[in-house]
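# Working through the structure, step by step
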Amino acid sequence: MPKLNENYLNVQDSYLFAEIARRVSAYEESHPDKAGDIIRLGIGDVTRPLTKRAIEGLHRAVDEQTTAETFKGYGPEQGYAFVREAVADYYRRNGVEVDADDVFISDGAKSDTGNITELFAQDNVILVPDPVYPVYVDTNTMDGKKIVYMNGTEENDFLPMPDDRVKADIIYLCSPNNPTGACYNKEQLKKWVDYALKNDAVILFDSAYEAFVSEPELPRSIYAIEGAKKCAIEFCSLSKTAGFTGTRFSYTIVPKELTFAVSDGRRMSLHDMWNRRQSTKFNGTPYIIQYAAAQVLTEEGMEECMENISYYMENARVIAETLRRKNIPFTGGVNSPYIWFKCPDGMESWELFDHLLEKIQVVGTPGAGFGVNGKYHFRLTSFGTHEKTKEAMKRFEQLF
Ligand code: MLT
């Protein structure tokens, strides 16, 4: 009989967004007359089609597969050099130097932030903000690792800062933050880098929403902070930047400077470990996708992406305006596609979820799904269409 990984008993029955989808389907089944009215502003899934450059890249790469001379079989597990260079070049244009050799191409920041836990032993102190993207918590729980939470609250603008009384080994940070939309400034991130260097800790920095940063003084990468290459791994993706939620392309930067002492006194390199892990367990993102991603990462490609991002940020403005008119406190929506607001009338977040679905057929994400500090908060995404976002907020305004 196999002995099962009983840590799975300690995770919620279903992943947050799977649970939301389940509840929405149940509603659709019991209210078939209302199913067509449902507006989905829950999971952060994009609605704009892929950009012209991405599509052209995909077509070109597909055509290459028709002749033996240009056909591609297995590629390098770390990603093709041309796209690793394209990522490094994208960083350079944003004022940050990264070595293309430290860039690992993958199929999602979700997979990589989950898989990275394999590099770390069981008995680490893992610091995770609450509220938080549930993948960090679920994957560590599945591994049986112990998590220490740091509170993100209205008092600290949902941006927890290091506490010298806690000696962490691994720290998860996400900025711009999912779910709160809050974004660390350089001084704040510097404090985290200093803390990590002082404690010989590693920061796992999720920058999946960096392209939404509109205030130029805010950092879009942890490597904008001096010393970060000695203490941080960065995860990023084209899912939200370029509408690749279905196409799948991400990159993880693991600098060679990241080495830590092990029990026999030697130093191990996280770069080498990740390389070893990926070479063994991953055969790379499809060539076709990597080729299209390289087109997206050019200056012209990014200009097209920014048009889509501006489209979404117009939705964020509409949501924010409605909340402001209703005197409902919120964060986000300026440097992030997410708006995180206080549930009106003292409601709890799952209560508000059911209320919005029942009364106005609007789907959002209950803050409780992101941690205990989200119990009275709710997240809306700006990834819908203009028409549906406006309609959802019109219904919301009539309801409250
Ligand atoms: C979200 O809605 O939080 C995201 O879409 C989830 C993800 O990127 O996996």
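Worth saying up front: this structure is predicted, and the values here are computed from it rather than measured.

Around the ligand sit Phe17, Ile43, Gly44, Tyr133, Asn178, Tyr209, Lys240, Tyr338 and Arg379, and those are all the residues in its vicinity. Within the side chain of Asn178, an N or O atom sits 2.8 Å from an oxygen atom of the ligand. Measuring from an oxygen atom of the ligand, one finds a side-chain N or O atom of Tyr338 at 3.5 Å. Relative to its unbound accessible surface of 270 Å², the ligand loses 84% to contact with the protein. Grouping the amino acids of the shell around the ligand by side-chain chemistry returns 5 nonpolar, 2 polar and 2 charged.

Let's shift gears to the pairing of strand 8 (residues 250-253). Residues Ser250 and Thr252 line one face of strand 8 and the alternating positions Tyr251 and Ile253 line the opposite face, and both faces are buried. Here strand 2 (residues 103-106) pairs with strand 8 via 4 bridges, running antiparallel. Paired with Phe104 across the strands is Thr252, a residue of strand 8.

Checked against the element boundaries, Thr381 lands in strand 15 (residues 377-381). There is a polar contact of 2.7 Å between the side chain of Thr381 and the backbone nitrogen of Phe383. Residue contacts for Thr381: discarding those within four places in its chain leaves Leu41, Gly42, Ile43, Gly44, Ile319, Pro337 and Tyr338.

What follows covers the sheet that holds strand 15. In a beta sheet, neighbouring strands pair by backbone hydrogen bonds and run either parallel or antiparallel. The 4 strands are arranged 11-12-15-14 in an open sheet whose pairing can be described as antiparallel. The strands lining the two open edges of the sheet, one partner per strand, are strand 11 (330-332) and strand 14 (365-366). Relative to strand 15, strand 14 runs antiparallel, the two sharing 2 bridges. Across the sheet, Thr365 pairs through a bridge with Arg379, a residue of strand 15. Running at roughly 15 degrees to strand 12 (residues 338-342), helix 9 (residues 299-325) makes contact with strand 11, strand 12 and strand 15 of the sheet.

Parameters and conventions
- Residues numbered from 1 in each chain as written.
- Predicted model: local features only at pLDDT ≥ 70, side-chain atom pairs only at ≥ 80, totals over all residues.
- Heavy atoms only, no water.
- Near = heavy atom within 4 Å.
- Polar contact = N/O pair within 3.5 Å; in protein donor to acceptor, adjacent residues only side chain to side chain.
- Areas by Shrake-Rupley, 256 points an atom, 1.4 Å probe, with all protein chains shown as cover.
- Nonpolar A, V, L, I, M, F, W, Y, C, P; charged D, E, K, R; others polar.
- Buried < 20%, exposed > 50% of the residue type's maximum accessible area, 1.4 Å probe, protein only.
- Helix = DSSP H or I, 4+ residues; strand = E, 2+ residues; numbered from the N terminus.
- Pairing = 2+ DSSP bridges.
- Contact = heavy atoms within 4.5 Å.
- Axes fitted to C-alpha atoms, helices over the stretch in contact; angles between N-to-C directions.

Read these as geometric descriptors, not functional statements.
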